[in-house]
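Fold and contact review
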Amino acid sequence: MTLLQNLMITIDCREVASIKSELVVYVSDQVAAIPTLKTHEFMLSSLDDAEFIDKNMVITAIKEFLESIGEGRNFAVISMNDMISIKSISGKVIERNSPSSSEMFSCPHCGFITRYEVEHQNHMKIHYL
């Protein structure tokens, strides 16, 4: 295992909270990882315990997403150990009307994400059959 590969990576989204939901979908698709949402961050886990997540791929995916929404020059992607932070360079805040993380439910087993608590509870049942 190299320093750039991990089983789990945490991405701090405090400064881009309004786009966190869109970002987690894009990044997890690009690196083929299972996302888990938290209040101000999300975590990516490998699909298989024998596989590692390439941190460089995660950083590249974050930068691509920021570029795609025209914010690439306003934010820096900083990596330290198994934590990646997205920091505003000029203090600019991205303001969008997207669902807040408190309205999203994420399965800790497989990363399934939904806005509906009932759907989340029903989904969780399949892991305990």
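Here, the structure is the one placed above.
The numbers attached to residues start from 1 for each chain and follow its sequence in the written order. Two thresholds apply to this predicted model, a pLDDT of at least 70 for residue-level local features and 80 or more for giving and counting side-chain atom pairs, whereas whole-chain, interface and lining totals are computed over all residues. The side-chain quantities take in all heavy atoms of the structure and omit both hydrogens and water.

1. Looking at the overall build of the protein chain
Here is the rule we go by: Secondary structure elements follow DSSP: runs of H or I of four or more residues count as helices, runs of E of two or more count as strands, with numbering from the N terminus. Relative accessible area decides the class of each residue, using a 1.4 Å probe on protein chains only: under 20% of the type maximum gives buried, over 50% gives exposed, and in between gives partly exposed. Pairs of residues are marked as contacts when any of their non-hydrogen atoms sit within 4.5 Å. Residue exposure ignores everything except the shown protein chains as possible cover, and the areas themselves are Shrake-Rupley values with a 1.4 Å probe.
Within the protein chain, the secondary structure is distributed over three helices and nine strands. Counting from the amino terminus, helix and strand elements in the protein chain follow one another as β-β-α-β-β-β-α-β-β-β-β-α. Counting only residues that meet the buried cut, the protein chain has 41% of its 129 residues in that class. Relative to all contacts within the protein chain whose residues are 6 or more apart in sequence, the contacts with residues 24 or more apart total 55%. When the accessible area of the protein chain is evaluated, it comes to approximately 7700 Å², of which 52% is carbon and sulfur surface.

2. Observations regarding the environment of Ser28
Relative to the helices and strands, Ser28 resides in helix α1 (residues 20–31). Classification of Ser28 as buried rests on a relative accessible area of 8%. Along the chain, Ser28 and Gly111 lie 83 residues apart, while their C-alpha atoms are 9.7 Å from each other. Contacts of Ser28, omitting those with residues within four sequence positions, involve Ala33, Pro35 and Leu44.

3. Concerning unusual backbone geometry
The residue Ala32 is not glycine, and still its phi comes out positive at about 55 degrees. Positionally, Ala32 belongs in the loop between α1 and β3 (33–37). Residue class for Ala32 comes out partly exposed when judged on its relative accessible area of 43%. Even without a glycine there, the phi angle at Asn81 is positive, about 55 degrees. Following the sequence through the fold, Asn81 ends up in the loop between β6 (75–80) and β7 (83–88). Its relative accessible area of 62% is what places Asn81 among the exposed residues.

4. Points about helix α3 (residues 117–125)
Residues that lie three or four places apart on an α-helix share one face, since the helix turns once every 3.6 residues. What counts is decided by this rule: In this context, the arc is that of the directions from the helix axis out to the C-beta atoms.
Buried within α3 we find His120, His123 and Met124. One side of α3 holds all its buried residues, which, seen down the axis, span an arc of 100 degrees. Opposite the buried face of α3, at more than 90 degrees from it, the exposed residues are Val118 and Lys125. Buried residues along α3 sit against β8 (105–106) and β9 (113–114).

5. Regarding the packing of aromatic side chains
What counts, and what does not: Aromatic pairs are defined between Phe, Tyr and Trp rings, using the six-membered ring for Trp, whenever the two ring centres lie within 6.5 Å; interplanar angles under 30 degrees are classed as stacked, those over 60 as edge-to-face, and all others as tilted.
Throughout the structure, instances matching the rule amount to one aromatic pair. The interplanar angle of 45 degrees and the centroid separation of 5.7 Å between the aromatic rings of Tyr26 and Phe65 together place this pair among those described as tilted. Residue Tyr26 is located in helix α1, and its partner Phe65 is located in helix α2 (residues 55–68); the two are separated by 39 residues in the primary sequence.

6. Concerning the sheet that holds β6
Using the following cut-off: In this scheme, strands are said to pair when DSSP sees at least two bridges between them. Only C-alpha atoms enter the line fits that serve as axes; for helices the fit covers just the stretch in contact. Angles between N-to-C directions range over 0 to 180 degrees.
Strand order in the open sheet made by the five strands is β3-β4-β2-β7-β6, with mixed pairing throughout. Each edge of the sheet is formed by a strand with only one pairing partner; in this case those strands are β3 and β6. Taken pair by pair, the neighbouring strands of this sheet meet at an average axis angle of 20 degrees, ignoring direction. Where β6 lies against β7, six bridges are found, and the strand directions are antiparallel.

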